Amino acid sequence: MEAIIEAKGIEKSFGKLKVLKGIDLSVCRSEVLSIMGASGAGKTTLLQILGTLSAPDAGTLTIDGIDVLKLNSRLLSAFRNTKVGFVFQFHHLLPEFTAVENIMIPALIAGKSSKEARAEAESLLDELGLSERSGHKPSELSGGEQQRVAIARALVNHPAVIFADEPSGNLDSVTKQELHSLFFKLRDTHGQTFVIVTHDPGLASQCDRSLFMRDGLFVDGGEQPGI
C-alpha cells in the first residue's frame, strides 16, 4: 500500500535529555495506527514532529509526498492547515463560537468563502449526528459532542492525516467507545488516515497496527505484545 508518512532517523533532544533516538516510521494511506507506551516514552514528542508542530534535530519526514522539513514557515503553516488535522485530549474549541463556527475556522483560514466553509461544516455536523447542535457553544455540549466537533474541525479541509493525542482520555466508557468507532467509520467512508497516541489498550486492539514506544524508540519490532 502507498505510504502517506515516511519518517526516518527522527531524533529530538531537550537540553541533555534525548527524547527520540532515531525513529523510523512508515504509515500507509487509510491506515489507523496507534502508538502506545508509558509516560515519558516520547509518544507526544513524536506526534508533534509528525504533525509539523515541532522540528526534529535530525532525520527526514515526508507527508503525502512533500518533504515538510524543507518548507519555510509560511509554506509549512499552509501545509499544516490543509494537509494535517489534530484532535487532542482537551477539545480546544473556542468558547465564544458555536459548533459550526468552530468547524469553519480552518476552512476560512485556508481561503474558502464563508458560504463554502459553512456548507462543509454543516455537512460534517450532519455526518457526525450533530446537526441539531450546530448553533450551540462548547459549554452547551457534552464531552463526547465536544470531541466530535473537534474531529469535524480536523476534517473540514480534507487533510491527508489526522493526528490524535489521547482523544478519548476524558470520556466515559460508553462515549469513548462511540468515539473509537467513529475513527474507523471515517476511515471507511473518507479513506482517512489516523495516527493516534493512546494509553487505551481497547482502542489499540481495534487499530490496523499498534506500535509501542520505550525510551525514545519503538520496541519489540514495533508491535506491542498481545495486540
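These numbers were taken from a predicted model, which means no experiment stands behind them.

Scanning the protein from N- to C-terminus turns up seven helices and ten strands. In terms of overall dimensions, the protein is globule-like: its C-alpha atoms have a radius of gyration of 17 Å, near the 17 Å expected for 227 residues. Counting every position in the protein, which comprises 227 residues, the buried fraction comes to 48%. For the protein, the share of sequence-separated contacts (at least 6 apart) that also reach a separation of at least 24 residues comes to 70%. Accessible surface, the protein as shown: approximately 10,400 Å² in total, 52% of it carbon and sulfur. Taking the average place of the 23 positive charges on the side chains of the protein and the average place of its 28 negative ones, the gap between the two points comes to 6 Å.

Turning next to unusual backbone geometry. With a phi close to 55°, His158 is a non-glycine residue in the positive phi region. Assignment of secondary structure puts His158 in the loop between helix H5 (143–155) and strand E7 (161–165). The backbone of Asp215 sits at a positive phi, close to 55°, despite the residue not being glycine. For Asp215, the location among the structural elements is in the loop between strand E9 (209–214) and strand E10 (217–223). Residue Asp215 is classed as exposed on the basis of its relative accessible area of 51%.

On to the nonpolar core, then. Core analysis: the largest hydrophobic core is formed by 33 residues, its most contacted members being Ile103, Val149, Ile151 and Phe183. Contributing elements (two or more residues each) for this core: helix H3 (99–109), helix H4 (114–127), H5, E7, helix H6 (173–190) and strand E8 (193–197). Counting residues per element, this core draws most heavily on H5, at six residues. Ignoring any residue separated from it by four or fewer positions in sequence, one finds Ile151 in contact with Val87, Leu179, Leu182, Phe183 and Leu186. Core analysis: the second largest hydrophobic core is formed by 31 residues, Ala7, Leu20, Ile63 and Leu76 among them.

Attention now goes to H5. End to end, H5 covers 19 Å across 13 residues, agreeing with the expected 18 Å (1.5 Å per residue, within 8%). Counting buried positions along H5 gives eleven out of 13 residues, so the element sits mostly inside the fold. Listing the buried residues of H5 in full gives Gly144, Glu145, Gln146, Gln147, Val149, Ala150, Ile151, Ala152, Arg153, Ala154 and Leu155. Those residues of H5 that are buried are in contact with strand E6 (84–88), H3, H4, E7 and H6.

Across the sheet, which stays open at both edges, the four strands sit in the order E2-E1-E4-E5 with antiparallel pairing between neighbours. One side of each edge strand has no neighbouring strand; the edge strands of this open sheet are strand E2 (17–28) and strand E5 (66–67).

This part is about the side chain of Arg187. Secondary-structure assignment places Arg187 in helix H6. Here Arg187 falls in the buried class, since its relative accessible area comes to 18%. Here the side chain of Arg187 touches Asp188 through a polar contact of 2.8 Å, side chain to side chain.

So, about the environment of Arg118. Residue placement: Arg118 occurs in helix H4. When neighbours within four sequence positions are excluded, Arg118 is seen to be in contact with Val100, Glu101 and Met104.

What follows concerns the packing of H3 against H5. Direction vectors running N to C along H3 and H5 enclose 25°, while the axes themselves pass 7 Å from each other. Relative to H5, H3 is oriented roughly parallel. When the axes of H3 and H5 are compared, the crossing they make is right-handed. The residues of H5 that touch H3, namely those facing Ala99, Asn102, Ile103 and Pro106, are Val149, Ala152 and Arg153.

Bringing the environment of Ile151 into the picture now. By the secondary structure assignment, Ile151 is in helix H5. In this structure Ile151 comes out as buried when scored by relative accessible area, which is 0%. Taking C-alpha positions, Ile151 is 24 Å from Thr62, a pair spaced 89 residues apart along the chain.

Criteria and cut-off values
Residues numbered from 1 in each chain as written. Predicted model: local features only at pLDDT ≥ 70, side-chain atom pairs only at ≥ 80, totals over all residues. Heavy atoms only, no water. Helix = DSSP H or I, 4+ residues; strand = E, 2+ residues; numbered from the N terminus. Rg over C-alpha atoms; globule rule 2.2 N^0.38 Å. Buried < 20%, exposed > 50% of the residue type's maximum accessible area, 1.4 Å probe, protein only. Contact = heavy atoms within 4.5 Å. Areas by Shrake-Rupley, 256 points an atom, 1.4 Å probe, with all protein chains shown as cover. Lys, Arg positive; Asp, Glu negative; His and termini not counted. Charge placed at Lys NZ, Arg CZ, Asp CG, Glu CD. Core = buried A, V, L, I, M, F, W, Y, C linked by side-chain atoms within 4.5 Å. Expected span 1.5 Å × (residues − 1). Pairing = 2+ DSSP bridges. Polar contact = N/O pair within 3.5 Å; in protein donor to acceptor, adjacent residues only side chain to side chain. Axes fitted to C-alpha atoms, helices over the stretch in contact; angles between N-to-C directions. Parallel < 35°, antiparallel > 145°, perpendicular 65-115°, else oblique. Left-handed = near helix turned anticlockwise from the far one by under 90°.

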